[in-house]
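As a plain string of letters, each chain reads:
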Amino acid sequence: MKLHHGKHHQTYVDNLNKATAAFPGLQNFTIEQLLSDLDVLDPSIRQAVINHGGGHANHSLYWQIMAPPADQKPEGKLLAALNSTFGDFTKFQEQFTAKAMALFGSGWVFLTKTPQGKLNLKRHSFQNSPLSTGNTPLLTIDVWEHAYYLKYQNRRAEYITAWWHVVNWNKVSELFERS
Ligand code: MN
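Since this is a predicted model, take the numbers as computed values, not measurements.

Caption draft 1: Focus on the sheet that holds strand β1 (residues 107-113). With respect to topology, 3 strands assemble into an open sheet ordered β2-β1-β3, the strand pairing being antiparallel. Two strands lie at the open edges of the sheet, namely β2 (119-125) and β3 (136-142), each paired on one side alone. With direction set aside, neighbouring strand axes in the sheet form an average angle of 25°. Relative to β2, β1 is paired through 7 bridges, and the arrangement is antiparallel.

Caption draft 2: Region of interest: helix α7 (residues 156-164). By the burial criterion, the buried members of α7 are Arg156, Tyr159, Ile160, Trp163 and Trp164. The arc that holds the buried residues of α7, viewed along the axis, is 135°, so those residues lie on one side. For α7, the elements touching its buried residues are α3 (43-64), α5 (89-102), β3, α6 (149-152) and α8 (169-178).

Caption draft 3: Quick peek at the side chain of glutamine 72. Looking at where glutamine 72 falls in the secondary structure, it is placed in the loop between α3 and α4 (76-86). A polar atom in the side chain of glutamine 72 sits 3.0 Å from the backbone nitrogen of asparagine 170. Those residues in contact with glutamine 72 that sit more than four places away from it in its chain are Ala67, Val167, Asn168, Trp169 and Asn170.

Conventions and cut-offs
- Residues numbered from 1 in each chain as written.
- Predicted model: local features only at pLDDT ≥ 70, side-chain atom pairs only at ≥ 80, totals over all residues.
- Heavy atoms only, no water.
- Pairing = 2+ DSSP bridges.
- Helix = DSSP H or I, 4+ residues; strand = E, 2+ residues; numbered from the N terminus.
- Axes fitted to C-alpha atoms, helices over the stretch in contact; angles between N-to-C directions.
- Buried < 20%, exposed > 50% of the residue type's maximum accessible area, 1.4 Å probe, protein only.
- Arc of directions from axis to C-beta.
- Contact = heavy atoms within 4.5 Å.
- Polar contact = N/O pair within 3.5 Å; in protein donor to acceptor, adjacent residues only side chain to side chain.

What follows is the structure in structure tokens.
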């Protein structure tokens, strides 16, 4: 986790700063604003913002939606929305895990909320952010190999199982109710 945060995530931040250095006006933008309106960006830096800005935003969410092992479970409005969308919490977990297992190459799986308030499961390659399609990411797992290779080598399933134990459902609920 230290290496993942201090080296991998940091590199995205550094490269985003480098890419946008020639456009001082962008320094006032939040990362959410940058990724939500890619059309306003100069074409010469658009892909760099998608890659490195997405890398920064996705990792920032990933750190926030984890907490020390507490085996939290979703409650309240979020649980009701998960139940009505996926059947029940177990079915939601199964579908999310299946998407994370089936993702080919490097990417992320997201639980997102549409502007209409609908929950969706989305698989994104590389660092593409749900913010760029107008959706709010609520929960995410990093399934790039760098996220699990040091501890689990190629055993992605074990990493995903361990990750479920540290999901910070309080934070996910907060994001759900705020968006
Ligand atoms: Mn990562």
